[in-house]
Amino acid sequence: MAKICPKGFHEEDLENPTPIFHLLYTQNIMTGRWKLMILDYLIDEDKRFSDIQRHLGGLSQGSLTKQLKEMEHDQLINRCVYPEVPLRVEYSLTDKGRDLLPILELMVAYGEKYTNTKLFKNK
């Protein structure tokens, strides 16, 4: 099984990747408290940082910046800076990010099938 270390995957995992390696790679790029919600929010149109932050309920600037930088590094989103005053930055999904959408749809279907809604009614 591929081992994820703080700097990524071990070299031997990259030389002969197994199916579990590919699964762990996908899990790794989707891991983060807000990434799935950011991906979902960017489906229809480009969004500004403040729009994303507001959508996520006032998430701190530092936390959101960290998630967006990781997603940009993993090539899931584009960051476009417009040379205006004040500076305008917009985020959009890349083709690689859009390729995750069918996986998210399957995750939703799985959750719908197995979520016990009774657990949430009394809270």
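Everything that follows concerns the structure shown earlier in this document.
Computed from a predicted model, the values in this text were never measured in an experiment.

Thresholds applied
All chains use their own residue numbering, which begins from 1 and follows the written sequence. Side-chain atom pairs in this predicted model are given and counted only at pLDDT of 80 or more, local residue features only at pLDDT of at least 70, and totals for whole chains, interfaces and linings cover all residues. Note: side-chain values were computed over all heavy atoms of the structure, leaving out hydrogens and water. Where helices and strands are cited, they refer to DSSP runs of H or I of at least four residues and of E of at least two residues respectively, numbered from the N terminus. Any pair of residues with heavy atoms lying within 4.5 Å of one another is described as a contacting pair. Computed with a 1.4 Å probe, the accessible areas rest on the Shrake-Rupley method; for each residue, only the protein chains presented here act as cover. Only buried residues count toward a nonpolar core, which is a set of Ala, Val, Leu, Ile, Met, Phe, Trp, Tyr and Cys residues joined through side-chain atoms within 4.5 Å. Partly exposed describes any residue whose relative accessible area lies between the buried limit of under 20% and the exposed limit of over 50%, with all areas from a 1.4 Å probe on protein chains only and scaled to the type maximum. The term salt bridge refers to a side-chain nitrogen of Lys or Arg lying within 4 Å of a carboxyl oxygen of Asp or Glu. We call two strands paired when DSSP finds no fewer than two bridges between them. Under the convention used throughout, the expected extent of a helix is 1.5 Å for every residue step, that is, one less than its residue count. Each direction from the helix axis to a C-beta atom contributes to the arc, which is the arc of those directions.

Participant: Which residues make up the overall build of the protein, and what are the values?
Facilitator: The secondary structure content of the protein amounts to eight helices and five strands. The N-to-C order of helical and strand elements in the protein reads β-β-α-α-α-β-α-α-β-β-α-α-α. Look at the contacts in the protein between residues 6 or more apart in sequence, and 42% of them connect residues 24 or more apart. In the form shown here, the protein has an accessible surface area of approximately 9100 Å², with 54% of it arising from carbon and sulfur atoms.

Participant: Can you break down the side chain of Lys-35 residue by residue, with the values?
Facilitator: Tracing the backbone shows Lys-35 in helix H3 (residues 35-41). Other than its neighbours up to four places away in sequence, Lys-35 contacts Asn-28, Ile-29, Met-30, Gln-67, Glu-70, Met-71 and Asp-74.

Participant: An account of the nonpolar core is requested, with residue identities and associated values reported.
Facilitator: Counting 21 residues, the largest nonpolar core has Ile-38, Ile-52, Leu-64, Leu-68 and Tyr-91 as the members making the most contacts within it. Counting residues per element, the ones that place at least two in this core are helix H2 (19-30), H3, helix H4 (49-55), helix H5 (61-73), strand E5 (88-93) and helix H7 (101-114). If we ignore the near neighbours within four places in the chain, the residues touching Leu-64 are Ile-38, Phe-49, Ile-52, Gln-53, Leu-56 and Leu-59.

Participant: Provide a residue-level description of the pattern of salt bridges, including the pertinent values.
Facilitator: Applying the stated criterion across every chain, the model contains six salt bridges. When the shortest N-O distance is used, the salt bridge between Lys-66 and Glu-70 registers 2.7 Å. Here the residue Lys-66 and the residue Glu-70 both occupy positions in helix H5, the gap between them amounting to four residues, near one helical turn.

Participant: How would you summarise the pairing of E5 if you had to cite specific residues and measurements?
Facilitator: With six of six residues buried, E5 lies mostly within the body of the structure. Of the two faces of E5, the one carrying Arg-88, Glu-90 and Ser-92 and the one carrying Val-89, Tyr-91 and Leu-93 are both buried. The pairing of strand E3 (residues 47-48) with E5 spans two bridges and is classified as antiparallel. What sits directly across from Lys-47, in E5, is Tyr-91. Here six bridges tie strand E4 (residues 77-82) to E5, and the two strands are oriented antiparallel to one another.

Participant: How would you sum up unusual backbone geometry? Please name residues and give values.
Facilitator: Note the cis peptide between Val-85 and Pro-86, where omega equals -5 degrees. Take Pro-86: it is sitting in the loop between E4 and E5. Within the chain, Gln-75 stands out as a residue other than glycine whose phi angle is a positive 65 degrees. Its location among the elements puts Gln-75 in the loop between H5 and E4.

Participant: Quick rundown of H5? Include the residues and the values.
Facilitator: For H5, spanning 13 residues, the distance from its first C-alpha to its last is 18 Å, which sits close to the expected 18 Å at 1.5 Å a residue. Turning to H5, its buried residues number three or more, namely Leu-64, Gln-67, Leu-68 and Met-71. With its buried residues spanning 95 degrees around the axis, H5 presents them on a single face. Seen from the open side of H5, the exposed residues pointing more than 90 degrees away from its buried face are Gly-62, Lys-69 and His-73. At its buried positions, H5 is contacted by H3, H4, E4 and E5. At the C-terminal side of H5, Gln-75 shows a positive phi close to 65 degrees.

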